[in-house]
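Okay, here's what each chain looks like letter by letter:
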Number of protein chains: 2
Amino acid sequence: MTKSLNTLMNVEDYKTLVDRYDVFLFDCDGVIWLGSKVIPGAKETIEYLKSQGKKLIFVTNNSSVSRAKYAEKFQKFNIKVEEQDIFSSAYATAVYLKDVISFDMSKYVYPIGGSGITDELRAMGVKVLEPHFPTIKNVDDVQGIVPDPSVGAVVVGLDVEINYSKLAFAHINITKSNALFIATNDDSTLPVQGLTFPGAGSLLSVLINSTSESPVVMGKPNQIMFDCISKANNLDLSRTLMIGDRLDTDIEFGTRAGVDTLLVFTGVTDRELAASSPISFTHSIQSLGDISKLAQ
Amino acid sequence: MTKSLNTLMNVEDYKTLVDRYDVFLFDCDGVIWLGSKVIPGAKETIEYLKSQGKKLIFVTNNSSVSRAKYAEKFQKFNIKVEEQDIFSSAYATAVYLKDVISFDMSKYVYPIGGSGITDELRAMGVKVLEPHFPTIKNVDDVQGIVPDPSVGAVVVGLDVEINYSKLAFAHINITKSNALFIATNDDSTLPVQGLTFPGAGSLLSVLINSTSESPVVMGKPNQIMFDCISKANNLDLSRTLMIGDRLDTDIEFGTRAGVDTLLVFTGVTDRELAASSPISFTHSIQSLGDISKLAQ
């Protein structure tokens, strides 16, 4: 099975694309940078789009750092991006709790994850529980982990400091304290320097398996994060474009939300994979950097 | 949907049962003891069956302690059981590697789990890798975890000292070193003092999710452990009875292997659950202890 890649080839194509949309949603890794290297021309494309009065929003499943810290990554590449133009899965979780489901703010959230989650929750006025656990050396020590009725929600993201106490405490509050079960994202793998490691979604599967409950998942490709972005920015879907390098997260995210999509080939997807995948996209382009030719 | 529970009611029933079989396979927790308390009469039943020349084999998915340590648990209840009559999922794993698949003994096994796994593997002459990992505080530190081509198999059991380095090292050797992916058992929960916590199968789901590979699972209800027991004891299936308290592990284990089964109601299954479950069993009895009436 192959299909047309609707590839944008020249400056006329790029011009038509830019004129067609007012709001550009960007995935970052694989689109603007790849690991620690900026994609050539990406900075210039972003500056050009801004100069044309376009609204740019940066959408990431990365919940390990706060939006403020994430903005510093743009600064490192000399790209000027405001914190409020970044939408991370951790921030979406905070917006979801506060604005979408009116979480009982007298309750605590127990987070599995890094400071990205904790910082975003606290910035939204959500109380975060940081329990001290007993040392768990053998199965009998697990008795020291008990439910805490003040826990109103468990939020799970990538946590490279994961341990059994954290998983046990999350499990027991989902099953015994009736805590909400929320995940920042469910990426099964974490790409690091060309290798993959277990991602947030794989850690999450421990609790899905042990509790037999399904979490509400915020990150791409799920609709909830799009709804949060759309509400905050009053999006006109017909004039919005989602740009990404992953078919099953970025492109699927745009498609489910009903906006046009642009696939780039500077990340995890090559032309062969794009042609054989059942996932459709509106346009493709070799690199986001190509659009910078319009600025010349 | 209800069904007959084929409940054994009196000493005539117990006598017929004992005469009918030569080999009795026992699950332990919920059958012989419940947590730290022995089931009344269980010790006497075991002694009676031995006095009648029956072969008794104790089958446990618990891989956290070695068979030698597990035998000490019987001693605590004053029940005499030999190490060679205990068949644990960790021991089954060692037998499987050495005798069933002729594992390349020049390679290492990387275990996630406690000393139960390590001790059983070493006793079988299998080399066990105990790597020292770099401290992982943030995502960038994950780069310090690299594949080791000397790893021939990853064995996953319950590990209450689980951490990201262990999961990452297991993941990367399954995906990059072509290591075999084996699990001692896949129990989703760990019952502790009337509560449940994440079990070996839930920790295992991290790697199933991240690697997209399916492990070979040793423990009940899987056939592999039964085949190991059957081979080691030259079982006559028509004269073998599997006794347990769990329908989806113990009873299913016996049924898949083609032997008769006896369900007891001293563990996780009550009569209501047994009557409504689609899982069938040959006989049921309130308690293993009831059979001790034959000794009086």
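All residue numbers refer to position in the chain's written sequence, counted from 1. Each chain is given a letter, starting from A, and each ligand a number, starting from 1, according to the order in which they appear as written. In keeping with the predicted nature of the model, local features appear solely for residues at pLDDT of at least 70, side-chain atom pairs appear and are counted solely at 80 or more, and the whole-chain, interface and lining totals rest on all residues. Only heavy atoms go into the side-chain values, all of them from the structure, while hydrogens and water stay out.

A. Highlighting the overall build of chain A. A tally of helices and strands in chain A yields 10 helices and 15 strands. Expected size for 296 residues packed as a compact globule is a radius of gyration near 19 Å; at 20 Å, chain A falls within 12% of this value. Dimensions along the principal axes, computed over C-alpha positions, put chain A at roughly 65 × 40 × 35 Å. A separation threshold of at least 6 residues defines the contact pool for chain A, and within that pool the share at least 24 residues apart is 68%. Helix and strand assignments follow DSSP, with helices taken as H or I runs no shorter than four residues and strands as E runs no shorter than two, numbered in order from the N terminus. In this setup the radius of gyration rests on C-alpha atoms only. A globule is expected at 2.2 Å times the number of residues raised to 0.38. The contact criterion used throughout is that any non-hydrogen atoms of two residues lie within 4.5 Å.

B. View of the interface of chain B and chain A. Between chain B and chain A, the contact holds 36 residues from the first and 36 residues from the second. By buried area we mean the combined loss of accessible area, with a 1.4 Å probe, across both parts when two parts are placed together. A buried area of about 3,200 Å², summed over both sides, lies between chain B and chain A, and 69% of it is on carbon and sulfur atoms. Contact with chain A buries surface across chain B, with B:Val160, B:Tyr164 and B:Phe197 losing the most and accounting together for 21% of the total. Think of a salt bridge as a Lys or Arg side-chain nitrogen and an Asp or Glu carboxyl oxygen that are within 4 Å of each other. Between the two partners, chain B and chain A, sit 2 salt bridges. One salt bridge in this structure joins B:Lys137 and A:Glu161, with 3.2 Å as the shortest N-O distance. Those elements that provide at least two residues to the side of chain B that touches chain A are helix H6 (164-176), strand S10 (189-192), strand S11 (195-198) and helix H7 (200-211) of chain B. Take the side of chain B that touches chain A: its biggest share by element is 7 residues, from H7(B). All amino acids are sorted into three groups, where Ala, Val, Leu, Ile, Met, Phe, Trp, Tyr, Cys and Pro are nonpolar, Asp, Glu, Lys and Arg are charged, and the leftover types, Gly among them, are polar. Looking at the side of chain B that touches chain A residue by residue, the class counts come to 18 nonpolar, 14 polar and 4 charged.

C. A look at the sheet that holds strand S7 (residues 127-128) of chain A. Residues and elements named next belong to chain A. With parallel pairing, the 5 strands of this open sheet are ordered in space as S7-S6-S8-S9-S12. Either end of the sheet is taken by a strand with one partner, and the two such strands are S7 and strand S12 (216-217). Relative to strand S9 (residues 180-183), strand S8 (residues 151-156) is paired through 4 bridges, and the arrangement is parallel. Bridging from a neighbouring strand, Val155 pairs with Ile182 of S9. Note: two strands are recorded as paired if DSSP finds a minimum of 2 bridges between them.

D. Region of the structure containing the packing of H6(B) against H7(B). Residue and element names in this part refer to chain B. For helices, the fitted line uses only the C-alpha atoms of the stretch in contact; every axis is such a line through C-alpha atoms, and the angle between N-to-C directions lies from 0 to 180 degrees. Two numbers describe how H6 lies on H7: the axes approach to 10 Å, and their chain directions differ by 40 degrees. Looking at the two axes, H6 sits oblique to H7. For the pair H6 and H7, the crossing hand works out as right-handed. Contacts between H6 and H7 involve Leu167, Ala170, His171, Ile174 and Thr175 from the first element and Val206, Leu207, Ser210 and Thr211 from the second. When grouped by side-chain class, the residues that make up the contact of H6 with H7 number 5 nonpolar, 4 polar and no charged. For classification purposes, an angle smaller than 35 degrees is called roughly parallel, one larger than 145 roughly antiparallel, one from 65 to 115 roughly perpendicular, and anything else oblique. Crossing handedness follows the turn of the near helix against the far one: under a right angle anticlockwise gives a left-handed crossing, and clockwise gives a right-handed one.

E. Seen up close, the domain arrangement of chain A. Residues and elements named next belong to chain A. Residue ranges for the domains originate in an automatic or database domain assignment. Once the domains are mapped, chain A shows domain 1 (11-61 + 221-294) and domain 2 (91-217). Of the residues lining the interface, 7 residues belong to domain 1; the matching set on domain 2 comes to 10 residues. Buried surface at the junction of domain 1 and domain 2, both sides included, amounts to about 760 Å², of which 58% is carbon and sulfur. It is Asn61, Ile224 and Cys228 that lose the most area in domain 1 upon contact with domain 2, and together they represent 53% of the buried surface on that side. Inspection of the region where domain 1 meets domain 2 yields 0 salt bridges.

F. Spotlight on the relation of the copies chain B and chain A. Fitting of the copies onto one another was done by least squares over C-alpha atoms, counting residues only where both copies have pLDDT of at least 70. For these two chains of identical sequence, chain B goes onto chain A by a turn of 180 degrees and a shift of 0.0 Å along the axis, with RMSD 0.0 Å. When the rotation and shift are considered jointly, the pair of chain copies conforms to a two-fold rotation axis. Looking at the rotation axis and the C-alpha trace of chain B, the residue lying nearest is B:Asn163, at 2.5 Å. Both copies share a contact surface, since 100% of the interface residues of chain B are interface residues in chain A too.

G. Structural detail: the environment of A:Ser210. Residues and elements named next belong to chain A. Inspection of the secondary structure assignment puts Ser210 in helix H7 (residues 200-211). You can call Ser210 buried: its relative accessible area is 5%. Through-space distance from the C-alpha of Ser210 to that of Ala168 is 9.5 Å; in sequence the pair is 42 residues apart. A 3.5 Å cut-off defines polar contacts: any pair of N or O atoms within that distance qualifies, except that in protein one atom must be a possible hydrogen donor and the other a possible acceptor, and neighbouring residues in sequence count only when both atoms are side-chain atoms. A distance of 2.8 Å separates polar atoms of two side chains, one belonging to Ser210 and the other to His171. To sort residues, take the accessible area from a 1.4 Å probe on protein chains only and compare it with the maximum for the residue type: under 20% means buried, over 50% means exposed, and anything in between is partly exposed.

H. Representation of the pairing of strand S9 (residues 180-183) of chain B in the model. All names here are of chain B. By definition, the crossover connecting two strands over a helix is right-handed if that path, from the first strand to the second, turns clockwise as seen with the strands pointing away from the viewer. Regarding the hand of the β-α-β motif, the stretch spanning strand S8 (residues 151-156), H6 and S9 is right-handed. In this sheet, strand S12 (residues 216-217) lies alongside S9 in parallel orientation, the contact comprising 2 bridges. Looking at S12, one finds that Ala183 is bridged to Val217.

I. The arrangement of the UniProt feature "active site" (unreviewed entry) in chain A in detail. All names here are of chain A. UniProt positions are given in the numbering used here, feature names are shortened, and annotations may be inferred rather than shown by experiment. With numbering aligned to this structure, UniProt lists the feature "active site" (unreviewed entry) at Asp27 and Asp29. Turning to its location among the elements, Asp27 is positioned in the loop between strand S1 (23-26) and strand S2 (33-34). Judged by relative accessible area, which is 8%, Asp27 ranks as buried. At 2.8 Å, the side chain of Asp27 and the side chain of Lys220 are in polar contact. Relative to the assigned elements, Asp29 resides in the loop between S1 and S2. Exposure remark for Asp29: the relative accessible area of 35% places this residue in the partly exposed category. In this structure Asp29 touches Leu34, Gly35 and Asp245, once residues within four positions along its chain are discounted.

J. Up close: the packing of aromatic side chains. Put simply, two rings from Phe, Tyr or Trp (the six-membered ring, in Trp's case) pair if the centres are within 6.5 Å, and we call them stacked under 30 degrees between planes, edge-to-face over 60, tilted for the rest. Counted according to the given criterion, the structure contains 24 aromatic pairs over all chains. Residues A:Phe87 and A:Tyr91 carry aromatic rings whose centres are separated by 5.0 Å and whose planes lie at 70 degrees to one another, so their mutual orientation is edge-to-face. Here A:Tyr91 falls in the buried class, since its relative accessible area comes to 18%. Through a chain of ring-to-ring contacts, the aromatic side chains of A:Phe26, A:Trp33, A:Phe58, A:Tyr70, A:Phe74 and A:Phe77 assemble into a single cluster. Definition used: whenever NZ (Lys) or CZ (Arg) falls within 6 Å of the ring centre and also within 35 degrees of the ring normal, the charge is taken to sit over that ring. The ring of B:Tyr91 carries B:Arg67 above its face, with NZ or CZ at 3.4 Å from the centroid.

K. Quick peek at the UniProt feature "binding site: Mg(2+)" (unreviewed entry) in chain A. Residues and elements named next belong to chain A. Here the UniProt feature "binding site: Mg(2+)" (unreviewed entry) sits at Asp27, Asp29 and Asp245. In summary, the annotated positions, though distributed over 219 residues, converge in three dimensions, the widest C-alpha pair being only 8.2 Å. Within the structure, Asp29 has its side chain in polar contact with the backbone nitrogen of Gly35 (distance 3.0 Å). A residue is classified by how much of its surface remains accessible, and Asp245, at 3% relative accessible area, is buried. When sequence neighbours within four positions are dropped, the list of residues in contact with Asp245 reads Asp27, Asp29, Gly30, Val31, Asp250, Leu263, Val264, Gly267, Val268 and Thr269.

L. Local environment of the sheet that holds strand S15 (residues 283-285) of chain B. Residues and elements named next belong to chain B. The sheet built from 6 strands is open, its strands ordered S5-S4-S1-S13-S14-S15 with parallel pairing. What marks the edges here is a single partner per strand, and that holds for strand S5 (86-88) and S15. Between one strand axis and the next, the sheet turns by 25 degrees as a mean value, whatever way the strands run. Relative to strand S14 (residues 260-264), strand S13 (residues 240-244) runs parallel, the two sharing 4 bridges. Looking at the pairing, Leu241 lines up with Asp260 of S14. Across the sheet, helix H2 (residues 42-51) is in contact with strand S1 (23-26) and strand S4 (55-60); its angle to S4 comes to roughly 140 degrees. Packing against the sheet, helix H4 (residues 89-100) makes contact with S4 and S5, and its axis sits at approximately 80 degrees to S5.

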